[in-house]
Amino acid sequence: MNAEAPGRVVLLTASHRVAPGLLSWPAWQTLHAADRVVCGTPDHPQVPYLREAGVTVQEAAPTAEELVDDCAGGRTVVVVVGGEGDRRLTDGLARLGGSGRVRMPDLELLPGSYDLPGARLLDLVQVMDQVRRECPWTSQKTHEGLAKYAIEESYELVEAIETGDRDELREELGDVLLQVVFHARIAEDDAEEPFDIDDVAGGLVEKLIHRHPHVFGDATAETPEDVRAHWLRTKAIEKRRESVTDGVPLGQPALALAAKLGGRVRSAGLAVVPPAGGSDDSLGYDLLALAVRAERDGVDPEAALRAAARAYRDAILAAEGVERTR
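It should be emphasised that the depicted structure is a prediction, and the values quoted were computed from it without experimental measurement. (Residues numbered from 1 in each chain as written. Predicted model: local features only at pLDDT ≥ 70, side-chain atom pairs only at ≥ 80, totals over all residues. Heavy atoms only, no water.)

*Asks:* Before we move on, could you go through the pattern of salt bridges and cite the residues and values that matter?
*Replies:* Side-chain pairs of opposite charge can arise where the charged atoms are in close proximity. Taken as a whole, this structure holds 20 salt bridges when the rule is applied. Between Arg8 and Glu108 there is a salt bridge, with the nearest N and O atoms lying 2.6 Å from each other. Taken as a pair, Arg8 in strand β1 (residues 8-13) and Glu108 in strand β5 (residues 106-111) lie far apart in primary sequence, 100 residues in all. Looking at Arg8, the relative accessible area reads 27%, which means it is partly exposed. For Glu108, a relative accessible area of 27% corresponds to the partly exposed category. Overlapping salt bridges bring together Asp129, Arg132, Arg133, Glu134, Arg185 and Asp189 as one network. (Salt bridge = Lys/Arg side-chain N within 4 Å of Asp/Glu carboxyl O. Helix = DSSP H or I, 4+ residues; strand = E, 2+ residues; numbered from the N terminus. Buried < 20%, exposed > 50% of the residue type's maximum accessible area, 1.4 Å probe, protein only.)

This is the structure:
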């Protein structure tokens, strides 16, 4: 092996979630200044863009020994990483360096592009698409058939939040996200009114921007109350509701429904007192009044009752002599 100056080996990586050719400035500088650029993967997505930019890329998969020899004399060789052969090359370089038999070139790992926040969502969309096409169960599901799972996963997310289990929280957030991606993928197959996950995300982005004029526009908001006022005004204009009760889902849990109605009444400044029932059905009206009062006082009645129910559950377990696990 050549005993001259050892040179430099640069392993150039790029995220597969970033469009080919979108490389960092240091990556382009290194590529143009290199004495040799090689890639052992003939169909590597970066190669056509590198050649279009004037970089000569050789389709070659040198061994570790060949690469060290090629760097002799202070030369720089860039290896465009992207295949199984790269693992063999890096392992070979590690073994060669550990042998102590040769003077190794400087080794550098140069990320040509990085994943942006949210990049793994692209993987999720791709995997969901494949599962939808190839799984006998998933390929047959409909919005209606999945509806119950959205409710179940939402309740499990709430439980993870209330118990403070961070691992459970991360997992349950994923399960809720799955419902969104799953429904969006089903919607792509609709023959008459198809839409996809980008339509869902695009609509949400527009809504967030429109409802936050104090962030993306000229409006100002100094307090959370100011923000809520902006939100309610823009939402009312968007929905063009005839009643404050429009858009309140009647199928939600009763305490949450009562609190939601109470909140709408309070926000609209209406003087509507919860009705009182007769002697035969007074319990429901008492619960209604309690839920409305809780909402007015800033207490979530659903969360409050769940906390009390968990305490009741613990008391039952204690009476039975059973150790609580959660």
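*Asks:* Mind laying out helix α8 (residues 197-210), listing which residues take part and the relevant values?
*Replies:* With 14 residues, α8 should cover 20 Å at 1.5 Å per step; its first-to-last C-alpha distance of 20 Å lies within 8% of that length. By the N-cap criterion, in which a side-chain oxygen at the helix start approaches the backbone nitrogen of a residue two or three places on, α8 is capped by Asp196, the distance to Asp198 being 3.1 Å. (Expected span 1.5 Å × (residues − 1). Polar contact = N/O pair within 3.5 Å; in protein donor to acceptor, adjacent residues only side chain to side chain.)

*Asks:* Please set out empty space enclosed by the protein residue by residue, giving values where relevant.
*Replies:* Counted by the stated rule, this structure contains 2 cavities of 30 Å³ or more. Roughly 50 Å³ of internal volume is contained in the largest cavity. Around the largest cavity, the lining residues are Val125, Met128, Val181, Ala184, Arg185, Glu188 and Ile197. Elements with a minimum of two residues in the lining of the largest cavity: α5 (120-134) and α7 (166-188). For the lining of the largest cavity, the element with the highest residue contribution is α7, accounting for 4 residues. Considered class by class, the residues forming the lining of the largest cavity number 5 nonpolar, no polar and 2 charged. One number sums up the size of the second largest cavity: a volume of about 30 Å³. (1 Å grid on protein atoms, 1.4 Å probe; cavity = no way out; pocket = protein on both sides within 12 Å on 5 of 7 lines; lining within 4 Å. Points joined across faces, edges and corners; volume = space filled by probe spheres on them. Nonpolar A, V, L, I, M, F, W, Y, C, P; charged D, E, K, R; others polar.)

*Asks:* Could you give an account of the environment of Ile316, with specific residues and numbers?
*Replies:* Mapping Ile316 onto the fold places it in helix α13 (residues 301-320). Residues Ile316 and Gly202, spaced 114 residues apart in sequence, show a C-alpha to C-alpha distance of 48 Å.

*Asks:* Got a sec to walk through the layout of surface pockets? Specific residues and values, please.
*Replies:* Empty space among the atoms can be located by rolling a probe the size of a water molecule over them. Looking at the largest pocket, its volume works out to about 470 Å³. Forming the boundary of the largest pocket are 17 residues, of which Arg228, Leu232, Gly263, Arg264 and Ser267 lie nearest the centre. By residue number, the principal contributor to the lining of the largest pocket is helix α11 (residues 254-268), which donates 6 residues. Here the lining of the largest pocket is composed, by residue class, of 7 nonpolar, 4 polar and 6 charged. In terms of lining, the second largest pocket is formed by 15 residues, of which the most central are Leu121, Val125, Ile197, Asp198 and Ala201. Elements supplying a minimum of two residues to the lining of the second largest pocket: α5, α7 and α8. For the lining of the second largest pocket, the element with the most residues is α8, which contributes 6 residues. Considered class by class, the residues forming the lining of the second largest pocket number 12 nonpolar, 1 polar and 2 charged.

*Asks:* Describe the pairing of strand β2 (residues 36-39), and please don't skip the residues or the numbers.
*Replies:* The alternating pattern of β2 places Arg36 and Val38 and Val37 and Cys39 on opposite faces, both of which are buried. Relative to strand β4 (residues 76-80), β2 runs parallel, the two being bridged by 3 bridges. Along β4, the bridge assignment pairs Val37 with Val78. Two strands pair when backbone bridges link them, and β2 and strand β3 (residues 58-59) are joined in this way by 2 bridges, in the parallel orientation. Residue pairing for β3: Val38 is matched across the bridge by Gln58. Following the chain from β2 across helix α2 (residues 47-52) to the adjacent parallel β3, one finds a crossover that is right-handed. (Pairing = 2+ DSSP bridges. Right-handed = clockwise from strand over helix to strand, strands pointing away.)

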